[in-house]
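Chain by chain, the residues run as shown.
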Amino acid sequence: MPRMLYDYTRSTLERVSFDQALFCKELRKASKSLLPYEIEQLQKWLFNFTNQKPELKQYLKIVS
């Protein structure tokens with residue numbers, strides 16, 4: 001079940017990545033609701049994802 005929340009979070013972040021404010025908001029929500037090991041996975045995914053969208057790199061610190 002927890003994996004579903006992580007997958008949903010990733011999907012949501014991909015969909016809202018066009019808007020930095022929405023991306024930041026969803027990332028904050030994710031950092032509060034995910035388990036510690038899921039946050040680690042999300043950090044790895046974000047690092048790779050933000051290579052394609054460098055304008056979002058500034059939000060990596062939210063989940064650090």
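The structure we're discussing is the one just above.
Residues numbered from 1 in each chain as written. Predicted model: local features only at pLDDT ≥ 70, side-chain atom pairs only at ≥ 80, totals over all residues. Heavy atoms only, no water.

S.K.: What is the right way to look at the side chain of T9 in this model?
M.R.: Within the fold, T9 resides in helix 1 (residues 2-15). Looking at T9, the relative accessible area reads 7%, which means it is buried. For T9, the residues in contact, after removing those within four places along its chain, are A30, L34 and L42. (Helix = DSSP H or I, 4+ residues; strand = E, 2+ residues; numbered from the N terminus. Buried < 20%, exposed > 50% of the residue type's maximum accessible area, 1.4 Å probe, protein only. Contact = heavy atoms within 4.5 Å.)

S.K.: Looking at this model, I keep getting lost on the side chain of E38. Mind explaining?
M.R.: Mapped onto the secondary structure, E38 falls in helix 3 (residues 36-52). Polar contacts involving the side chain of E38 include one to the main-chain amide nitrogen of L35, which spans 2.9 Å. (Polar contact = N/O pair within 3.5 Å; in protein donor to acceptor, adjacent residues only side chain to side chain.)

S.K.: Explain the packing of helix 2 (residues 20-33) against helix 3 to me, please; I cannot follow it from the model alone.
M.R.: Relative placement of two packed helices is described by the angle separating their axes and the distance separating the axes. Here helix 2 crosses helix 3 at 155°, and the two axes come no closer than 11 Å. Relative to helix 3, helix 2 is oriented roughly antiparallel. The handedness of the crossing between helix 2 and helix 3 is left-handed. Packed against helix 2, whose contacting residues are F23, L27, A30 and S31, the element helix 3 presents I39, L42, L46 and F49 at the interface. Of the residues that constitute the contact of helix 2 with helix 3, the class distribution is seven nonpolar, one polar and no charged. (Axes fitted to C-alpha atoms, helices over the stretch in contact; angles between N-to-C directions. Parallel < 35°, antiparallel > 145°, perpendicular 65-115°, else oblique. Left-handed = near helix turned anticlockwise from the far one by under 90°. Nonpolar A, V, L, I, M, F, W, Y, C, P; charged D, E, K, R; others polar.)

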